[in-house]
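# Structure assessment
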Amino acid sequence: MGWRWETGLRSLDKVDEFDDGCLLCRAERVTTWHFEDDECWVADCVVCATPMIVWRRHGLPHGDLERDLLERLSAVASERYPDGFWIDGERRRIPDHWHAHARPAGGFFDPASDLYGRPWGRRG
Ligand SMILES: [Zn+2]
Ligand SMILES: [Zn+2]
């Protein structure tokens, strides 16, 4: 992805562009991808099987951008979980690269996950 210098906004975000050792930076397509643009991508989480949005840069976006990104996740999630969903913004495994999960209402894992129905102790 190119550097969007024309917006002038990106230079305000003091984050690394890319971290070689980071799974989210590598953005390997090991699960179904639902959406992507030049800011983010939404794919099923390897662990939870719920839709997960990942910012394309290694770091944390400012509040306005974060709200924007979560709207994109919500669009995917409302089709996937018509009965309701909740946004889980807690970054458990990779705290320094912004991502968020959309989870089915009242649940943690997607029914497609091996972990579905398990206690929430083992989270991904
Ligand atoms: Zn990263
Ligand atoms: Zn997950």
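Residues numbered from 1 in each chain as written. Chains lettered and ligands numbered in written order. Predicted model: local features only at pLDDT ≥ 70, side-chain atom pairs only at ≥ 80, totals over all residues.

## So, the pairing of strand β1 (residues 33-36)
Quick reminder of the rule: Two strands pair if DSSP finds at least two bridges between them. Where helices and strands are cited, they refer to DSSP runs of H or I of at least four residues and of E of at least two residues respectively, numbered from the N terminus.
In this sheet, strand β2 (residues 40-44) lies alongside β1 in antiparallel orientation, the contact comprising three bridges. Its bridge partner lying in β2, Glu-36 is registered against Trp-41. Joining the antiparallel neighbours β1 and β2 is a turn of three residues.

## Topic: unusual backbone geometry
If you check the backbone angles, Ala-27 has positive phi at about 50 degrees while not being a glycine. Its place among the elements puts Ala-27 in the loop between α1 (23-26) and β1. Backbone geometry at Ala-49 places phi at a positive 65 degrees, although glycine is not the residue there. Along the chain, Ala-49 falls in the loop between β2 and β3 (51-55).

## Some details on the nonpolar core
The cut-off we apply is this: Put simply, a nonpolar core is buried Ala, Val, Leu, Ile, Met, Phe, Trp, Tyr and Cys residues tied into one set by C-beta atoms within 7 Å. Residues are called buried when their C-beta atom has 20 or more other C-beta atoms within 10 Å, exposed when it has 12 or fewer, and partly exposed otherwise; all C-beta atoms are positioned from the backbone. For every residue pair, C-beta atoms are placed from the backbone, and the pair is scored as a contact if these atoms sit within 7 Å.
One finds Cys-40, Val-42, Met-52, Ile-53, Val-54 and Leu-73 to be the most contacted residues of the largest nonpolar core, which totals 20 residues. Taken together, the elements giving at least two residues each to this core come down to β2, β3, α2 (63-80) and β5 (99-104). Contact partners of Leu-73, with chain neighbours within four places excluded, come to Val-42, Pro-51, Ile-53, Ile-87, Ala-100 and Ala-102.

## Structural notes on the environment of Trp-98
With respect to the helices, strands and loops of the structure, Trp-98 is situated in the loop between β4 (85-88) and β5. The exposure class of Trp-98 is buried, given the 23 C-beta atoms found within 10 Å. On a C-alpha basis, the gap between Trp-98 and Leu-60 in space is 5.1 Å, while along the polypeptide they are 38 residues apart. Those residues in contact with Trp-98, other than ones at most four positions away along the chain, are Trp-55, Gly-59, Leu-60 and Pro-61.

## Looking at α2
Put simply, the test is: Expected helix span is taken as 1.5 Å per residue step, with the number of steps being one fewer than the number of residues. The arc in question is the one traced by the directions running from the helix axis out to the C-beta atoms.
Across its 18 residues, α2 extends 25 Å between first and last C-alpha, which sits within 8% of the 26 Å expected from 1.5 Å per residue. Residues Leu-69, Leu-73 and Ala-77 constitute the buried set of α2. Relative to the axis of α2, the buried residues are bounded by an arc of 85 degrees and lie together on one face. The exposed residues of α2 that point more than 90 degrees off its buried face are Asp-64, Arg-67, Asp-68, Glu-71, Ser-78 and Glu-79. Looking at the buried side of α2, the elements it contacts are β2, β3, β4 and β5.

## Observations concerning the confidence of the model for the protein chain
For clarity, the cut-off: For every residue, the predictor assigns a confidence score, pLDDT, that lies between 0 and 100.
On average, residues of the protein chain score 87 in pLDDT, and 83% of them are at 70 or above. Note that pLDDT drops below 50 for residues 1-12; the model gives that stretch four contacts with residues more than four away or on any other chain.

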